[in-house]
Amino acid sequence: MYEYKLKSVVSVYDGDTFTAEVDLGFNIVITEKFRLIGINAPEMKGEFKADGKLARDFLRKMMDTESDIIIRTKKDKKEKYGRYLAEIFIDGENINQLLITEGYVIPFMVENE
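Thresholds applied
- Residues numbered from 1 in each chain as written.
- Predicted model: local features only at pLDDT ≥ 70, side-chain atom pairs only at ≥ 80, totals over all residues.
- Heavy atoms only, no water.
- Salt bridge = Lys/Arg side-chain N within 4 Å of Asp/Glu carboxyl O.
- Helix = DSSP H or I, 4+ residues; strand = E, 2+ residues; numbered from the N terminus.
- Buried < 20%, exposed > 50% of the residue type's maximum accessible area, 1.4 Å probe, protein only.
- Expected span 1.5 Å × (residues − 1).
- Arc of directions from axis to C-beta.
- Contact = heavy atoms within 4.5 Å.

(A) Just the pattern of salt bridges, in detail. In total, this model carries seven salt bridges according to the counting rule given. Notably, a salt bridge pairs Lys-78 with Glu-32, separated by 3.3 Å at the nearest N-O pair. Remark: Glu-32 occurs in strand β3 (residues 28-36) and Lys-78 occurs in the loop between β5 (69-73) and β6 (84-90); sequence separation between them is 46 residues. Judged by relative accessible area, Lys-78 falls into the partly exposed class, the value being 41%. Residue classification places Glu-32 among the buried positions, given a relative accessible area of 16%. Between Arg-56 and Asp-57 there is a salt bridge, and its shortest N-O distance comes to 3.0 Å. Three or more residues joined by partner-sharing salt bridges are found here, namely Arg-56, Asp-57 and Arg-60.

Next up, the structure:
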């Protein structure tokens, strides 16, 4: 696992995808897209649109904090859609797991995560 400090949230697309500025250290900041590993959020269109908006809004609310947000990536390479697979932690709490516990997303395992 690789660990980075989130500098700022650029956008939260849905309950499991966001774009953020990440502090790599040595005053190097990059903007990257992330997919939360181990979960699957409802889509933002179609019959589950309302549930998708609830999941997205919950993730936005969690990430709108003055607390440090840590991003842990499984491996330092992107998945097929150009996103890094990651877990996020706020004050030591695993937000991926919290999304499951609160019922916004379902657990999801991908081969070769």
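(B) Quick peek at helix α1 (residues 49-63). A rise of 1.5 Å per residue sets the reference length of α1, with its 15 residues, at 21 Å; its end C-alpha atoms lie 21 Å apart and thus fit the reference within 8%. All of the buried residues in α1 are Gly-52, Ala-55, Arg-56, Phe-58, Leu-59, Met-62 and Met-63. Viewed along the axis of α1, the buried residues span an arc of 160 degrees, placing them on a single side of the element. Facing away from the buried side of α1 by over 90 degrees, the exposed positions are Ala-50 and Lys-61. Tucked inside the fold, the buried residues of α1 contact β1 (2-14), β2 (17-25), β3, β5, β6 and α2 (95-101).

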